[in-house]
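Fold and geometry: a report
One-letter residues, chain by chain:
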Amino acid sequence: MSGDFEPEQKRYLEGFMAGLQIAKTSRSAASNGAAPSQANAVAAEPTGPDAAALRAQDRTIKAGGKLSDPEKFKRELHPFDGYEKLKDQAAKNEAPKADDNFRWRFFGLFYCAPTQKSYMCRLRIPNGILSHRQFSGVGDLAERYAGGYAHVTTRANLQMREVEPKNAVAMVEAIQDLGLSSRGSGADNIRNVTGTPTAGIDPQELIDTRPYAREWHFHILNDRSLYGIPRKFNVGFDGGGMIPVLEDTNDIGFQAVAVKDGFGVEPGIWFKLMLGGITGHQDFARATGVIVKPEDATKVADAVVRVFIDNGDRTNRAKARLKYVLDAWGFEKFLGAMEDKLGQKLTRAPETALETRPPYDRLAHIGAHPQKQKGLHWLGIVLPVGKITAEQMRGIGKIAEKFGDGDIRLTVWQNLLISGVAEERVAAAEAAIEAIGLSTKATSIRAGLVACTGNAGCRLALSDTKRHAEEIAHWCEARVQLDGPLNIHLTGCPNSCAQHYIGDIGLVGTKVQVSEDGDQVEGYHVHVGGGFGPDAACGREVYHDVKADDAPRAVERMLKAYLGHRASADESFLAFTRRHDIDALKALFETQAVE
């Protein structure tokens, strides 16, 4: 520099020029998906609880990849560091922009515009079980801060809708006042932990899943490093009870199994480790050959998640789930990486070492059923496509307290159970349930009816699934009498929150063109023959572009064809549809007369 400058001026200008160079470097790195605040620390090794996720992002950038927008959002401002910003938006009753809409899902808040100019708030309820006071309290919050109702979800969870921005923080904090949480219930997080809804009361269960779901739940809540995953992640625990948990649709499925003697491992009850379920992508969790001591389930799940954090896709959201790491690596390489995390070998056992799981009862989540405790019953209560009003929630809370043991048990079938009802009080409890507009009785059609939120509350949905599900049930119940279980699943988009691929009949929303001018109406692609557990398989498409108005009659034809052409009274709808190819099924369906 020129000698015309004083020493202090020189130092100032040198700093100024260095700052310009840093800014230039930051902009260059930011264009590759890195946040400016991270870019000038090229040589710095990330530290703290977010380090593993940041290193994974850094490797992606260094390899020439471009981070997806959600990865950029997390890198620029970790959601848990943005709570003051959320509070400021609430004080102004201000809607979030795209980046914050993603971030606030880490607090369980989903802004639903343009469908609804408000948030949906989703909870975390380990194993789907909460007390009558908590359930009634959620009803109060739904009335005070939301639309006056809640939905039971397909993860045995609760969510409330129509939460104005000004009420978002009050809702999240009031949920914690109830001893519940909404933390990490959306976005790139480990979602609500499911378990057998009849855990601890089921006559045939192999193990009570409650302590293991609870341990994993609190492990997640109290370790920020587990919030750096590339995409959402599901874990389910099946204790061998009567009601299916659909653990084989989860990224991790822990299936209770009885291990026989004589196979080189300790006989008794273990968890069978299943990995990679994601039925929206037409895949079920697959057996790994690994069995896990129940007390080690959290440790093993932690290892799975940490391998996923290190190696999941940070660029392509469609390929960012665990399934795609498994597809690329194969199970043995993945299990080896888990063993590196654990610092020990996993326990292997052949399928021949495992006893057959006790059978499901696909209607055990509806009506009165005897518990393992002598003289006590659980009551399965039907909720119309998972919806319950605040007043009904308070009513159920009082009934559970008065007639039962005080627990409310949510199921993945979008309904709930109250447990501990004495045999001599079952009729009185059922009468009290009827008095608040609900029931413990349902036809096979309604008992297995599952529907996502639909376009009444979700911007991704292409059809009004809950309304159409009710229309299908109302129409078919009056015209078809079934004598066995049936699952009809309606989902509004290919994300398949209602898991249409595993339904006996699965409908996925679409738009159907009805004129040469391009006019469209709501409709569905229809699949048949889906199943889970021992019947696991994705349904096959039988109809494309069925208008929603025509869906009830289409389902009626299918059910009538089944009743008229099944091989015997014992043949299920699932077995019937799998026995025929699609063309043969269509031909049978089309012969049925409907009104």
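Figured I'd write up the structure that's included with this text.

**Description of the overall build of the chain**
- When helices and strands are tallied, the chain shows 19 helices and 21 strands.
- Once the C-alpha set of the chain is aligned to its principal axes, its extents read approximately 100 × 70 × 55 Å.
- Considering only contacts within the chain whose residues lie at least 6 apart along the sequence, 67% involve residues at least 24 apart.
- Total accessible area on the chain is roughly 24,200 Å²; 49% of this is exposed by carbon and sulfur atoms.
- Here the chain contributes 73 positive and 77 negative side-chain charges, whose respective centroids are spaced 3 Å apart.

**Brief notes about the packing of helix 16 (residues 465–477) against helix 17 (residues 551–565)**
- Contact geometry of helix 16 with helix 17 gives a least axis separation of 9 Å together with a crossing angle of 45°. Viewed along their axes, helix 16 and helix 17 adopt a mutual orientation that is oblique. Between helix 16 and helix 17 the crossing geometry is right-handed. For the pair helix 16 and helix 17, contact is made by Glu 471, Ile 472, Trp 475 and Cys 476 and by Ala 551, Pro 552, Arg 553, Val 555, Glu 556 and Leu 559, respectively.

**Brief notes about the environment of Asp 202**
- Within the fold, Asp 202 resides in the loop between strand 6 (194–195) and helix 9 (210–221).
- Sequence-wise, Asp 202 and Leu 273 are 71 residues apart; in three dimensions their C-alpha atoms are separated by 22 Å.
- Those residues within four positions of Asp 202 in sequence are excluded, and the remaining contacts are Gly 241, Met 242, Ile 243, Lys 372 and Trp 378.
- Side chain to side chain, Asp 202 and Thr 198 meet in a polar contact 2.6 Å long.
- Reaching out from Asp 202, the side chain makes a polar contact with the backbone nitrogen of Gln 204 at a distance of 3.0 Å.

**What to know about the state of the cysteines**
- The full count for this structure, using the stated rule, is 0 disulfides.
- Cys 112 carries a free sulfur, and the closest cysteine sulfur to it, the one in Cys 458, is 7.3 Å from it.
- What makes Cys 112 buried here is its relative accessible area of 6%.
- We note that Cys 497 lacks a disulfide partner, and the nearest cysteine sulfur, in Cys 493, lies 6.1 Å from it.
- The class of Cys 497 is partly exposed, set by a relative accessible area of 47%.

**Focus: the pattern of salt bridges**
- As enumerated under the stated definition, the model contains 43 salt bridges in all.
- Here Arg 394 ties to Glu 143 by a salt bridge, and the two come within 3.1 Å at their closest N and O atoms. With Arg 394 in helix 13 (residues 390–403) and Glu 143 in helix 7 (residues 132–145), the pair connects residues that are 251 residues apart, well separated along the chain.
- We classify Arg 394 as partly exposed; its relative accessible area is 22%.
- Overall, Glu 143 belongs to the partly exposed group, its relative accessible area being 48%.
- Note that Glu 430 and Lys 441 form a salt bridge whose closest N and O atoms lie 3.7 Å from each other. Of this pair, Glu 430 sits in helix 14 (residues 426–435) while Lys 441 is found in the loop between helix 14 and helix 15 (444–447), placing the two residues 11 residues apart along the sequence.

**As for the sheet that holds strand 18 (residues 488–491)**
- Across the sheet, 5 strands lie side by side as 17-18-19-20-21; this open sheet has mixed pairing. The open sheet terminates on both sides in strands that have one partner only, identified here as strand 17 (449–451) and strand 21 (540–547). Sheet twist, expressed as the mean angle between neighbouring strand axes with direction ignored, is 25°.
- Both strand 20 (residues 520–528) and strand 21 contribute to a ladder of 5 bridges, which runs antiparallel. Bridged to Gly 523 within strand 21 is Lys 547.

**Some words on the side chain of Glu 71**
- Looking at the element boundaries, Glu 71 is found in helix 4 (residues 69–76).
- Within the structure, Glu 71 has its side chain in polar contact with the side chain of Lys 74 (distance 2.7 Å).
- Within the structure, the side chain of Glu 71 is placed 3.0 Å from the side chain of Arg 314, a separation counted as a polar contact.
- Discounting chain neighbours no more than four positions away, the residues touching Glu 71 are Gln 57, Asp 188, Ile 229, Pro 230 and Arg 314.

**Examining the environment of Leu 77**
- Within the secondary structure layout, Leu 77 lies in the loop between helix 4 and helix 5 (83–91).
- Note on Leu 77: relative accessible area 24%, which makes it partly exposed.
- Along the backbone, Leu 77 and Asp 100 are 23 residues apart, and their C-alpha atoms lie at a distance of 9.4 Å.
- Residues contacting Leu 77, with those up to four places away along its chain left out, are Gly 82, Lys 85 and Arg 103.

**Topic: the pairing of strand 4 (residues 149–152)**
- Residues Tyr 149 and His 151 of strand 4 are buried on one face, and the alternating residues Ala 150 and Val 152, pointing to the opposite face, are buried as well.
- The sheet contact formed by strand 4 and strand 5 (residues 158–163) spans 3 bridges and is antiparallel. Bridging across to strand 5, His 151 finds its partner in Gln 159.
- The hairpin formed by strand 4 and strand 5 contains 5 residues between the paired strands, and Ala 156 there has a positive phi angle of roughly 50°.

**Details of unusual backbone geometry**
- Following Ala 113, the chain continues to Pro 114 via a peptide bond in cis, the omega torsion being 5°.
- On the secondary structure map, Pro 114 appears in the loop between strand 1 (109–111) and strand 2 (119–122).
- With phi around 60°, Gln 282 is a residue other than glycine that occupies positive phi space.

What counts as what
Residues numbered from 1 in each chain as written. Predicted model: local features only at pLDDT ≥ 70, side-chain atom pairs only at ≥ 80, totals over all residues. Heavy atoms only, no water. Helix = DSSP H or I, 4+ residues; strand = E, 2+ residues; numbered from the N terminus. Contact = heavy atoms within 4.5 Å. Areas by Shrake-Rupley, 256 points an atom, 1.4 Å probe, with all protein chains shown as cover. Lys, Arg positive; Asp, Glu negative; His and termini not counted. Charge placed at Lys NZ, Arg CZ, Asp CG, Glu CD. Axes fitted to C-alpha atoms, helices over the stretch in contact; angles between N-to-C directions. Parallel < 35°, antiparallel > 145°, perpendicular 65-115°, else oblique. Left-handed = near helix turned anticlockwise from the far one by under 90°. Polar contact = N/O pair within 3.5 Å; in protein donor to acceptor, adjacent residues only side chain to side chain. Disulfide = S-S within 2.5 Å. Buried < 20%, exposed > 50% of the residue type's maximum accessible area, 1.4 Å probe, protein only. Salt bridge = Lys/Arg side-chain N within 4 Å of Asp/Glu carboxyl O. Pairing = 2+ DSSP bridges.

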